[in-house]
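Analysis of the macromolecular model
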Amino acid sequence: MAVQHLMTKCRRYWRRYVTACLSFLSIISIEVILIYLLADRQVDAEREAVHKLAVIQGELLQRELDRSLWAPFTLALIVRHQQGMVNNFDALAADLINSLGGIRRLKLAPEGIVREMYPRGENAPGIDRHLFTDPSNSSQGLTAIASRTIQVTKPLELFPEDPENIMGIVGYLPVFLNQDTDAEAFWGFTIVEISIADLLQESKFNQLVQQGYDYQLEWFDPARGDRWVFARSQKADLVEPITHSVKVAYGDWILDISPRNGWGYKKQIFFEILLIFIIGLLVAYLVFKLLEQPGILQQQVELRVADLSKINQQLIAEITERKRIEQALRESEERFRAIADATPIPLVISRCSDGLVLYGNQSLCQTFGLPPEKLIGCQTPDYYCDRNDRTRLVETLKKYQQINNYEVLLKKEDGTPFWVAVYMRLIVFNGDSSIFAAFYDVTERKQAESQISQALAREKELNQMKSYFISMTSHQFRTPLTTILGSAELLKSYSNLWSHAKKQIYFERIENTVKHTIELLDEILLIAHAESGKLRFLPSGLNLPKFCDHLVQRFQLNHEAEPQILLTIQGDCSRLKDQPILDRKLLEEILTNLLSNAIKYSGLDSRIDFLVNCHPEKIIFTIKDQGIGIPSEDLTQLFEPFHRCKNVKKIAGTGLGLTIVKKAADLHGAEITVDSQVGVGTTFTVTIPLPIASELHTTLVD
């Protein structure tokens, strides 16, 4: 009986033990399978993210290297343009080094001998070094001449003056010049020395390190199949790095990237498995303990099943949350790629045959004012101001495979023209022969060049004006001074023989000549004050009808035999008496010069109409004569100093009156219009705006 009880007890114990073990193994198996499924997806996502990062970083590196290699092409273009000469090489090289990243040194080597170098460091290879006598350079140079393309060395210890950043590469571009026989002769090389450290800095590798990644760059020797590291962010080897091949001009660079703190999924899997192991042990222990109490087994099982259900629900929630995180990660990666694609340099890929746009970035859309949805399928010839420019570029591209820094005039979607410097290369895109183009806007530089040309023209015009001014003033002052001198000598010699009336004639002649000279000096001083900004606008209250009437009476008194001036005043001008709106002196200069010209260039039997029209918001002065008129070709230069119309003949004048009118009118904020017909007459209209009452009150209070 005791033996049977013991055997029963052993069977129960064994049953509890087996049941607990099966529960443990079941939970462990299910959870491990789930963890590994999730871990696989996480591994793929994390390594895919690092792979995309490596691709983007490789593209940045390749773009910056290509951008640095623009320098020898620019120098080669200048050498060909100037037939083997480069003026101001140091200044040009400094501009290229400052504008293109990664460049440490630029050289010119006519016939393979280094003649120019910038900058000239103490430890740099010297001037007059013959490239073909140096075994490390001769093969590269001969290969470049034979292929007529740029050749780039593998990474070398190039900069001994900077031991921490000693590695660099050298690019040799052969230059050929056209001869009289239309053949091309080898001129020499344009050479660029690029610092690996500077190139990596321009390619934002420092940001990669700041984000928690380590990298190393390896050179792959296709001849030997060897690989060796020439740049890295740390001395230790990378752990399971992501490898990406970067195509350069002479072979492949291998870019390796891995997280600095290791791949996170390994630690996560370890902790998750440990957690599941503990949970399994706990569940197995609970099952084992529950089976010890057969009476409450069903209740305990239900409770534990409820607990397991909660755990499963939590696991389902965790899986759902992980899926949401993965989806958010994919969306974030897409946004990151979109941002990475949106480089500040406009990029476009178009089909070579018909110019159909196959790809373009956001910067391209912004530059041309083109909606992104309309970009794909556009025709690039439609955006050339001259469609023949694209035909010529395609022909050149087919001949030389690439074009560097070519300036061409394009137009935006709204038709606005702008200048760009374009870089083009033939590629194969989706199986089609295509053109990859990158360009940058040089409109401001073109405008600056145009402004410089205009400034030079203006300077030439000012010099001519100065010469004319000296000649004119010499003539204008010599004539009255000669008159004064002659009259004074006659009075000195014959005054004792002349009557009082005759002597009075010569005294009046001297007096009138002095007045004329003073008026001429006043005109020149007035213009000088206006040009220097010293001519001030001092408005005051003015009885305009009385002012104009006195002005007309003075002219009629001084020019009794001249044409009659008919003054007409319209509108309410009385409010101007108490409002500081007009500058009396400047207004007198405007009207005096216009009336004087009307009298001077009109016949004796003609009439001059002087109309003053006062409106609430403006005053209009109109002076109309029946004189000789102004030729149409002189209207554009009418207000320039010393300009006189070609039909004035021998009528006296300095060419300063209308210039004074324009300066005085500008200070009033006035507008001047001219309507003239040769042989019929001329009408000058001066419109002076008046401030509204509120503005006038504010001005007076201030």
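Below: a short report on this structure. The structure displayed is predicted, hence computed values, not measured ones.

1. Some details on the state of the cysteines
Tallied over the full model, the rule gives one disulfide. Not part of a disulfide, Cys-365 finds its nearest cysteine sulfur in Cys-378, a span of 8.6 Å. Among the residues examined, Cys-365 registers a relative accessible area of 5% and is labelled buried.

2. Details of the packing of helix H2 (residues 70-81) against helix H3 (residues 89-99)
The N-to-C vectors of H2 and H3 enclose an angle of 150°; their axes lie 10 Å apart at closest approach. By the angle between their directions, the pair H2 and H3 is classed as roughly antiparallel. Crossing hand, H2 versus H3: right-handed. Counted together, Ala-71, Thr-74, Leu-75 and Ile-78 of H2 and Phe-89, Leu-92 and Leu-96 of H3 form the full contact between these two elements. Partitioned by chemical class, the residues of the contact of H2 with H3 number six nonpolar, one polar and no charged.

3. A few points about helix H15 (residues 657-668)
Taking 1.5 Å per residue as the helical rise, H15 with its twelve residues ought to reach 16 Å, and the 17 Å between its terminal C-alpha atoms agrees with that figure. Taken together, the buried positions of H15 are occupied by Gly-657, Leu-658, Thr-659, Ile-660, Val-661, Ala-664, Ala-665 and His-668. Remark: Gly-669 follows H15 within two positions and exhibits a positive phi of approximately 70°.

4. Some words on the sheet that holds strand E14 (residues 417-429)
Reading across from one edge, E12-E11-E15-E14-E13 is the order of the five strands in this open sheet, with antiparallel pairing throughout. Edge positions in the open sheet fall to strand E12 (357-360) and strand E13 (402-411), since each of these has one partner strand only. Pairs of neighbouring strands in the sheet enclose a mean axial angle of 30°, with direction left out of account. Note: E14 against strand E15 (residues 432-441), ten bridges, orientation antiparallel. Directly across from Ile-427, in E15, lies its bridge partner Ser-434. Where H2 meets the sheet, its contacts fall on E13, E14 and E15, and the angle it forms with E13 comes to roughly 75°. Against the sheet, helix H10 (residues 387-400) contacts strand E11 (347-351), E13, E14 and E15, and its axis sits at roughly 170° relative to E13.

Conventions and cut-offs
- Residues numbered from 1 in each chain as written.
- Predicted model: local features only at pLDDT ≥ 70, side-chain atom pairs only at ≥ 80, totals over all residues.
- Heavy atoms only, no water.
- Disulfide = S-S within 2.5 Å.
- Buried < 20%, exposed > 50% of the residue type's maximum accessible area, 1.4 Å probe, protein only.
- Axes fitted to C-alpha atoms, helices over the stretch in contact; angles between N-to-C directions.
- Helix = DSSP H or I, 4+ residues; strand = E, 2+ residues; numbered from the N terminus.
- Parallel < 35°, antiparallel > 145°, perpendicular 65-115°, else oblique.
- Left-handed = near helix turned anticlockwise from the far one by under 90°.
- Contact = heavy atoms within 4.5 Å.
- Nonpolar A, V, L, I, M, F, W, Y, C, P; charged D, E, K, R; others polar.
- Expected span 1.5 Å × (residues − 1).
- Pairing = 2+ DSSP bridges.

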